[in-house]
Structures are given as structure tokens and as C-alpha cells.
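Overview (structure and organization)
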Amino acid sequence: MHSRYESLGAFEDLEEAISLHQQALQHCAVGHPDRPSSLNNLANCMQCRYQWKGEFGDLVEAITLHQQALELHPVDHPCRPTSLMNLAICIRSRYESQGAQQDLEEAISLLQQALELYPDGHPCRTTSLVNLAICLQCKYESQGAFGDLEEAVLLHQKALELYPVTHPHRSSALNNLANCMQCRYELQGTFEDLEGAISFHKQALELRPAGHPHRPSSLHNLAICMQCMFESMGTLVYLEEAILLHQQALGLCPVGHPDRSLSLNNLANCMQSRYQVQGTLRDLEEAISLHQQALELHPVGHPDRSSSLNNLAICLQSKYESHGAM
């Protein structure tokens, strides 16, 4: 049922899988040889339901179940590294939900232990590298320690080397590494990092053709790097490419899409930048229209409403200063 849910996305299948795993666990008392796998299976389903419905209790139960499974996998057990990684992923989800730094530290510790137990050539080593790199990047963003970012870049590079061109996860590996290199560019200003980020984002985009669920985010990420290139070099062709990419991304974020407001805002900012360079009123008017649409998606109480109001106000002020419209 869990496999059918993952394939078809029918929530009833997930609910039935949870019920069946709960019944199976009841038949696997303490000491039963199948109890660890039963705990793990139920935990994975609870985690899926948390990702679907967002009910925090499901995540708490998944963590508890994974902790119990880990206790049944001692140091020399072949399933211990998988238990460590599964628990770490859930702990990271709790960090993302609540922001408790100790959760992030625990997730990193668990993943480091798992990585030590996955030798070179192990099929799960790549996943362990990726998850640890993501956690270290989160830690860098939270605490600003450059060493964490450097280690995240190194781990993402190692993971990418283990994904051949035809691997279904290669585009994600390219995207992850590109994002880290872009962060390092923003911190240190090393031009090679920005060029590397652009190269990796382009490769990721090529692996995400029309219809791919992650194509909009790839377009967005590459566009942001092109904006950085324009700001660094002042060459208009980079801004033109950023605009084109943002337009394509917006076209893939219809009304109701969760990323539509972000896409509207990014395109508006680029149109405003082109207006500042070329002085074409049409660009400024389009920026105003896009910011107005973004503002409509940020009602009172939305955390991004203040920035939307500010962006729109700046554009309207520019229009007044340029044309004196009252």
C-alpha cells in the first residue's frame, strides 16, 4: 500500500498502509526478530503522512518509532546506518518546523555516524552525503560559520561524482551544489564560484525538461545567478537572460501555485533593474503591475506583505520622480 501510495499518490493507500503496519507491529513484541523493520516501516509511513498533511504529531511519532528501531540496531548491525539516517531526516524535519538548534546538531551527528558506516561503493553512501551536506548548509545559514559551508560544498561535490549522467537524482545533486557555490560567492565574492553555480544550474535545467516538476525552481535559480552576474559585470545581456528565465518560471506557476508570488516579485525586480538601466517606462509599468499582483497574494498578516508593500512603493516613487504623475 505504501508503494502504491508513492506511485499513485492516493492518500487512502497511505492510511491503509499505516493501519496495516500498526497491526503488524502489535504482532511483533519486544524480542521479535521483525520488530525493528516493523517499527521502521510504520515510521516511514507516519513521516509521509506528516509531509502530506503537516500534522506535527505524525512527525513526533515517526521520530519515536525510528528511535526505538535504532535501539534495536547495535553498532555492528548492518541496518544501523539506515536507522541513523532515517532518524536524522525526521529530526531535521522537526528543526525545519520548530527551529530548535539542538535538533539540527543532532541530525548532523546522526548523519556523520551513518556516513562512517557506509563504505565507498555502498548504494546509500550518496544519500548520506547529500543529507549531511544539506544539514551543514542549514547550520551555515543559521550560524554563519564558513567552515560548515565549505564542508557542505565538498560533500555535494562528492555526491555529484557518484551520480552518473543518467541517474534520476543527478539534477538535484547539481542544483544542491550550485546553491552552495552561490552562497559562497555571496559571502566571498569569488567570481569562479558564481560561474560554477551558473554552469551547474544550466546542467540541472537541461535534465529538467518541460513538464518536469522541478523545472520552475531550476529556472528561478539560474535566473537569480544571472542577476548576480549582471550586478557584478554590469552587462545587460545577463539581465536580459534573467528576465527571460523568470518569465518562463512565472509561466509555470499559474494562479494558486505556492511559488507564484515569489516568481512575480523576482520578475518585477528584474524589470525594475532594466528600467533603471534603460529608462523605458514600459519596464517600470510592468514592474508595478507584477508587484501589485504579488501584493494581492500577500494578505494582511502574511510575513512577506511588508516587503511587497515596500517594493511596490519604490516603483511608484520612481514613476513619480521620473514622470511627475500624481
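Here, every reference points to the structure presented above.
Described in the following lines is the structure provided in the data block. (Residues numbered from 1 in each chain as written. Predicted model: local features only at pLDDT ≥ 70, side-chain atom pairs only at ≥ 80, totals over all residues. Heavy atoms only, no water.)

A few words on the overall build of the chain. A tally of regular secondary structure across the chain gives 15 helices and 0 strands. Taking the principal axes of the C-alpha coordinates as reference, the chain spans close to 80 × 40 × 35 Å. Out of the 326 residues in the chain, the part that is buried amounts to 46%. Taking all contacts inside the chain whose residues are at least 6 apart in sequence as the whole, residues at least 24 apart take part in 54%. Of the roughly 16400 Å² that the chain leaves accessible, carbon and sulfur atoms contribute 51%. For the chain, the separation between the mean place of its 20 positive charges and that of its 37 negative charges on side chains is 3 Å. (Helix = DSSP H or I, 4+ residues; strand = E, 2+ residues; numbered from the N terminus. Buried < 20%, exposed > 50% of the residue type's maximum accessible area, 1.4 Å probe, protein only. Contact = heavy atoms within 4.5 Å. Areas by Shrake-Rupley, 256 points an atom, 1.4 Å probe, with all protein chains shown as cover. Lys, Arg positive; Asp, Glu negative; His and termini not counted. Charge placed at Lys NZ, Arg CZ, Asp CG, Glu CD.)

Helix-helix packing: each pair is described by the crossing angle between the helix axes and the interaxial distance. Axis separation between helix 12 (residues 236-251) and helix 13 (residues 260-278) bottoms out at 9 Å; the angle between their running directions is 155°. With respect to helix 13, the element helix 12 is oriented roughly antiparallel. Note on packing geometry: the crossing formed by helix 12 with helix 13 is left-handed. Of helix 13, the residues touching helix 12 (which contributes Leu236, Leu239, Glu240, Ala242, Ile243, His246, Gln247, Ala249 and Leu250) are Arg260, Ser263, Leu264, Asn266, Leu267, Cys270, Met271, Ser273, Arg274, Val277 and Gln278. For the contact of helix 12 with helix 13, the per-class residue count stands at 11 nonpolar, 6 polar and 3 charged. (Axes fitted to C-alpha atoms, helices over the stretch in contact; angles between N-to-C directions. Parallel < 35°, antiparallel > 145°, perpendicular 65-115°, else oblique. Left-handed = near helix turned anticlockwise from the far one by under 90°. Nonpolar A, V, L, I, M, F, W, Y, C, P; charged D, E, K, R; others polar.)

Tallying each qualifying case throughout the model produces 12 salt bridges. Arg94 serves as the salt-bridge partner of Asp103, at 2.8 Å between the closest nitrogen and oxygen. On the basis of relative accessibility, which here comes to 5%, the residue Asp103 falls in the buried class. For Arg94, a relative accessible area of 21% puts it in the partly exposed group. Of the charged contacts in the structure, one is a salt bridge between Glu240 and Arg274, with a shortest N-O distance of 2.8 Å. Remark: Arg274 occurs in helix 13 and Glu240 occurs in helix 12; sequence separation between them is 34 residues. Taking relative accessible area as the criterion, Arg274 reaches 15% and is therefore assigned buried. Salt bridges linked by common partners bring Glu15, Arg49 and Asp58 together as one network. (Salt bridge = Lys/Arg side-chain N within 4 Å of Asp/Glu carboxyl O.)

Look at helix 7 (residues 125-143) against helix 9 (residues 170-188): their axes get within 11 Å of each other, and the N-to-C directions meet at 25°. Here helix 7 lies roughly parallel to helix 9, going by the angle between them. Handedness of the crossing formed by helix 7 with helix 9: left-handed. Contact residues: helix 7 offers Val130, Ile134, Gln137 and Tyr140, while helix 9 offers Asn176, Asn179, Cys180, Cys183 and Leu187.

Further remarks concern helix 9. It helps to recall that an α-helix has 3.6 residues per turn; residues three or four apart then point in one direction. Helix length check: helix 9, at 19 residues, gives a terminal C-alpha distance of 27 Å against a target of 27 Å (1.5 Å per residue), a fit within 8%. Burial analysis of helix 9 places 14 of its 19 residues in the buried class, the great majority of the element. With its phi angle positive at about 75°, Gly189 sits one or two positions after the end of helix 9. (Expected span 1.5 Å × (residues − 1).)

To continue, consider the state of the cysteines. Enumeration over the complete set of coordinates arrives at 0 disulfides. With no disulfide partner, Cys28 has as its closest neighbouring cysteine sulfur the one in Cys79, 14 Å distant. Summary of cysteine pairing: Cys124 is not part of a disulfide, and the nearest cysteine sulfur, belonging to Cys79, is at 10 Å. (Disulfide = S-S within 2.5 Å.)

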